[in-house]
Amino acid sequence: MSVPFEELGVPVHSVNWVRTHAASGPDGNDRVWVTMGQQAAGFFILDIDPVTGACTQILCENSGSNYPTAAFMARSGVLYVGVAHTGHLYAYDGTALTDLGAIHPEKAIFPCRIDEDRAGKIWVGSYGGADLTRFDPETDAFERFGSVDDVDMYCYPLADYDTGMIACLIKVTQQHVVLFDPESGASKPIGPSLTKEEGTVDLIRGVDDCLYIVSTNGVFRIDGDAAVPISEEVEEPAFRLKSGRTFRFLDGE
């Protein structure tokens with residue numbers, strides 16, 4: 001006896017820029033929010049209940065906001081998403097997806113990384129001119145500081161909680177870190193500077209909330225306005241749900 005098959009179609013052809021985020025819903029229960037990009041329409045967020053598996057798709061209505069190239073879960077519980085190629089910043093609070101506007105019109109083509117400082121301000125580093133911008137959630141206002149590098153085009157910022165300085169990993173021609181002072185507007189390169197042929201330079205936050213430069217030439221802790229060589233390995237924080245559980249895609253690669 002043959003078993004009939006019914007062709008239902010392909011629900012998802014392809015997605016890109018996939019990232020998972022530990023979140024809480026409006027009811028305070030654990031949620032997993034997943035940002036995904038697509039070619040022919042705006043990016044979307046999957047709002048998943050990790051207990052029941054129930055899932056809701058929240059679609060960005062701007063068809064030009066295709067790729068969520070940077071995303072960050074703030075301490076407030078709001079997910080900030082920056083997109084290409086409109087260069088806009090979005091916010092999702094578990095209820096609505098809000099377009100906060102252009103990060104830096106005609107300058108920020110797409111964001112590279114988003115971070116939050118101790119005061120709750122949101123920092124966005126962008127491509128096309130290593131651009132740095134601050135967003136204030138209390139006033140919904142952007143403050144644009146412009147380029148932090150004269151040559152390269154990619155800026156990946158992390159906020160130093162102790163000093164208020166913003167460390168910016170600059171890529172790709174000459175990989176290095178620039179310290180930016182929001183108060184004075186001054187910037188200063190610190191640590192190793194390497195071409196891709198010479199090795200790699202990365203900027204990470206440790207479980208101790210300190211910033212570290214991890215490079216082919218060694219590991220450095222950012223201490224004030226200096227890069228101090230260290231010998232120990234740096235442990236990065238693991239992002240967990242309120243219940244303490246972690247999560248991942250089995251086919252994430």
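Below, the structure is looked at part by part.

Quick notes on the rules
- Residues numbered from 1 in each chain as written.
- Predicted model: local features only at pLDDT ≥ 70, side-chain atom pairs only at ≥ 80, totals over all residues.
- Heavy atoms only, no water.
- Pairing = 2+ DSSP bridges.
- Helix = DSSP H or I, 4+ residues; strand = E, 2+ residues; numbered from the N terminus.
- Axes fitted to C-alpha atoms, helices over the stretch in contact; angles between N-to-C directions.
- Core = buried A, V, L, I, M, F, W, Y, C linked by side-chain atoms within 4.5 Å.
- Buried < 20%, exposed > 50% of the residue type's maximum accessible area, 1.4 Å probe, protein only.
- Contact = heavy atoms within 4.5 Å.
- Polar contact = N/O pair within 3.5 Å; in protein donor to acceptor, adjacent residues only side chain to side chain.

**Here we look at the sheet that holds strand S18 (residues 211-215)**
Okay, so step 1: The strand order across the open sheet built from four strands is S17-S18-S19-S20, with neighbouring strands paired in antiparallel fashion. Edge positions in the open sheet fall to strand S17 (201-205) and strand S20 (226-230), since each of these has one partner strand only. Strand-to-strand twist across the sheet, computed as the mean angle between neighbouring axes with direction ignored, equals 30°.
Okay, so step 2: The pairing of strand S19 (residues 218-223) with S20 spans five bridges and is classified as antiparallel. Each bridged residue has a counterpart across the sheet, and for aspartate 223 the counterpart in S20 is alanine 226.

**A word on the nonpolar core**
Okay, so step 1: Core analysis: the biggest nonpolar cluster contains 15 residues, and Tyr80, Leu89, Leu100, Ile114, Ile122, Val124 and Phe135 have the highest contact counts within it.
Okay, so step 2: Of all the secondary structure elements, the ones that give two or more residues to this core are strand S5 (67-73), strand S7 (88-92) and strand S10 (122-127).
Okay, so step 3: With residues near it in sequence (within four places) discarded, leucine 100 still touches Tyr80, Leu89, Tyr90, Ala91, Phe135 and Phe142.

**Considering the side chain of aspartate 115**
Okay, so step 1: Relative to the helices and strands, aspartate 115 resides in strand S9 (residues 110-116).
Okay, so step 2: Within the structure, aspartate 115 has its side chain in polar contact with the backbone nitrogen of alanine 159 (distance 2.8 Å).
Okay, so step 3: There is a polar contact of 2.7 Å between the side chain of aspartate 115 and the side chain of arginine 205.
Okay, so step 4: Discounting residues that sit within four places of it in the chain, aspartate 115 has contacts with Phe72, Lys121, Ile122, Trp123, Pro157, Leu158, Ala159 and Arg205.

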